[in-house]
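# A structural walkthrough
Okay, here's what each chain looks like letter by letter:
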Amino acid sequence: MPGCFKKTLFALASLVSFVSFILIVVAMGTPKWMTGKILCKTGADLVNATDPELVKFIGEIYYGLFRGGKIRQCGLGGRRSQFTIFPHMVKKLNTGLHMIIIMFLCVAISFSLVSFGFCILNTIKVPYRAIKGPAGVCIWNLIAGGFLVLAVTSFMAAVKLHHLTERIASFRENVFQFVVLEERFEDSFWLCVASATAHAVNLLLVAISEIHFPKIKTKTEEANVTAEDIMY
């Protein structure tokens, strides 16, 4: 049986792994990865709008990995609409990159659960195989955290290098052209960052669990020294 200190650390690590799993699932299911402001350039050019008048042509957009919405402002008042990424819009985006982001997150979810299971195992008993012990827990957390970092980095690349917001804003807009004025990473994105941080915390907990603290002898143990012990 593992010691009380070690059991506490692995119990905490199992909780952190489960929280990480929940964070990724929530992040994937919510449509607030990005928000931004979009300018209806066509409408503004038609009326030759000056700076004070541009407010009438600035709308909003938000989206996640699977769905989103926007408010179009093209001079005739705001028109709210919602959209889904699959099955049609994804063809106009960088399809391969978008699917890779989702795949990375799915792998991270799987290894978060594996980490959770192995942490529970180490809380209950000391595994006889190294891969099931602290070394294994470290490996699963490294893999989960690594795939989360890859997913976050890939999403940032899609936004900044492949103009994801502009492509989504302009989807099925045959008349109007939209320009992105402002972009912000929102809660769902930061949940994935928090999940990756959680796996880094788990690595720290496992490292602490492997520290062997010196045993402090009690007065009773010191009093039980025999004459033979003194001779040696």
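Placed above this text is the structure.
Overview of the structure.

What counts and what doesn't
Going along each chain's sequence as written, the residues are numbered from 1 onward. Note on the predicted model: pLDDT of at least 70 is required for a residue's local features to be given, and 80 or more for side-chain atom pairs to be given and counted; whole-chain, interface and lining totals, by contrast, use all residues. The basis for every side-chain value is the complete set of non-hydrogen atoms in the structure, without hydrogens or water. Think of a nonpolar core as a cluster: buried Ala, Val, Leu, Ile, Met, Phe, Trp, Tyr and Cys residues, connected wherever their side-chain atoms sit within 4.5 Å. Residue burial is assigned from relative accessible area. The probe radius is 1.4 Å, only protein chains are included, and a residue is buried under 20% of its type maximum, exposed over 50%, and partly exposed in between. We count a stretch as a helix when DSSP gives it H or I for four or more residues in a row; a strand needs E for two or more, and each element gets its number in order from the N terminus. Two residues qualify as a contact provided that any one of their heavy atoms is within 4.5 Å of a heavy atom in the partner residue. Whenever two N or O atoms come within 3.5 Å, that pair is a polar contact, provided that in protein one can donate a hydrogen and the other can accept it, and provided that, for residues adjacent in sequence, both atoms are side-chain atoms. Here an angle of 0 to 180 degrees is reported between the N-to-C directions of two axes, which are lines fitted to C-alpha atoms, with helices fitted over the stretch in contact. What sets the label is the angle itself: under 35 degrees gives roughly parallel, over 145 gives roughly antiparallel, 65 to 115 gives roughly perpendicular, and the rest give oblique. Crossings are sorted by hand: turned counterclockwise from the far helix by less than a right angle, the near helix makes the crossing left-handed, and turned clockwise it makes it right-handed. Think of it as three bins: nonpolar holds Ala, Val, Leu, Ile, Met, Phe, Trp, Tyr, Cys and Pro, charged holds Asp, Glu, Lys and Arg, and polar takes everything else, Gly as well. Two strands qualify as a pair provided DSSP detects at least 2 bridges between them. Surface patches are defined over residues having more than 30% relative accessible area and no salt bridge, joining like charges when they lie within 9 Å and nonpolar side chains (Val, Leu, Ile, Met, Phe, Trp, Tyr) when within 5 Å. Only the protein chains shown count as cover for residues, with accessible areas throughout obtained via the Shrake-Rupley method and a probe of 1.4 Å. Each salt bridge in this description consists of a side-chain nitrogen of Lys or Arg and a carboxyl oxygen of Asp or Glu lying within 4 Å of one another.

A separate point is the nonpolar core. Core analysis: the biggest nonpolar cluster contains 42 residues, and W33, Y63, L65, L105, F155, L164 and I168 have the highest contact counts within it. Counting residues per element, the ones that place at least two in this core are α1 (4–29), β1 (34–40), β2 (58–63), α3 (95–124), α4 (134–160), α5 (164–169) and α6 (187–209). Ranked by residue count, the leading element in this core is α3, at seven residues. The contacts of I168, once residues within four sequence positions are left out, are I61, Y63, K70, F83, I85, M89 and L93. In terms of nonpolar packing, the next biggest core, distinct from the first, is built from seven residues, L9, A13, V137 and L205 among them.

Our focus in this paragraph is the side chain of E186. As for its placement among the helices and strands, E186 is situated in the loop between β5 (178–185) and α6. Residue class for E186 comes out buried when judged on its relative accessible area of 19%. At a separation of 3.5 Å, a polar atom in the side chain of E186 contacts the side chain of R184. E186 has contacts with K32, W33, M34 and T35, leaving out every residue within four places of it along the chain.

For the rest of this paragraph, the subject is the packing of α1 against α4. Between α1 and α4, the least distance of the axes is 13 Å, while the angle of their chain directions is 20°. With respect to α4, the element α1 is oriented roughly parallel. The two elements α1 and α4 meet at a crossing, and its hand is left-handed. Residues F10, S17, S20 and I24 of α1 form the contact with α4, whose own contacting residues are P134, V137, N141 and L148. In terms of residue class, the contact of α1 with α4 is made up of five nonpolar, three polar and no charged.

Let us now look at unusual backbone geometry. For residues other than glycine, phi is negative in most cases, and the peptide bonds are mostly trans. The peptide bond linking F86 to P87 adopts the cis configuration, its omega dihedral lying at 5°. Relative to the helices and strands, P87 resides in the loop between β4 (78–84) and α3. The backbone of R172 sits at a positive phi, close to 55°, despite the residue not being glycine.

Right, let's talk about the sheet that holds β5 for a bit. Read from one edge of the open sheet, five strands run β4-β3-β2-β1-β5, paired in antiparallel fashion. Strand pairing shows two members of the sheet lacking a second neighbour, β4 and β5, which therefore form its edges. Across the sheet, the mean angle from the axis of one strand to that of its neighbour is 20°, orientation sign disregarded. In the sheet, β1 pairs with β5 via seven bridges, with the strands oriented antiparallel. Looking across to β5, one finds that L39 is bridged to V179.

As paired strands, strand β3 (residues 67–73) and β4 are joined by seven bridges and run antiparallel to one another. The residue bridging R67 from the neighbouring strand is T84, located in β4. Hairpin geometry of β3 and β4 is characterised by an intervening segment of four residues between the two adjacent antiparallel strands and by a positive phi of about 95° at G75.

For the rest of this paragraph, the subject is the packing of α1 against α3. Where α1 contacts α3, the two axes come as close as 8 Å, and the packing angle between them is 160°. Between α1 and α3, the angle falls in the class roughly antiparallel. For the crossing formed where α1 meets α3, the hand is left-handed.

On to a nonpolar patch on the surface, then. A cluster of nonpolar residues, L12, L15 and V19, forms a patch on the protein surface that exposes about 250 Å² of accessible area. Positionally, L15 belongs in helix α1.

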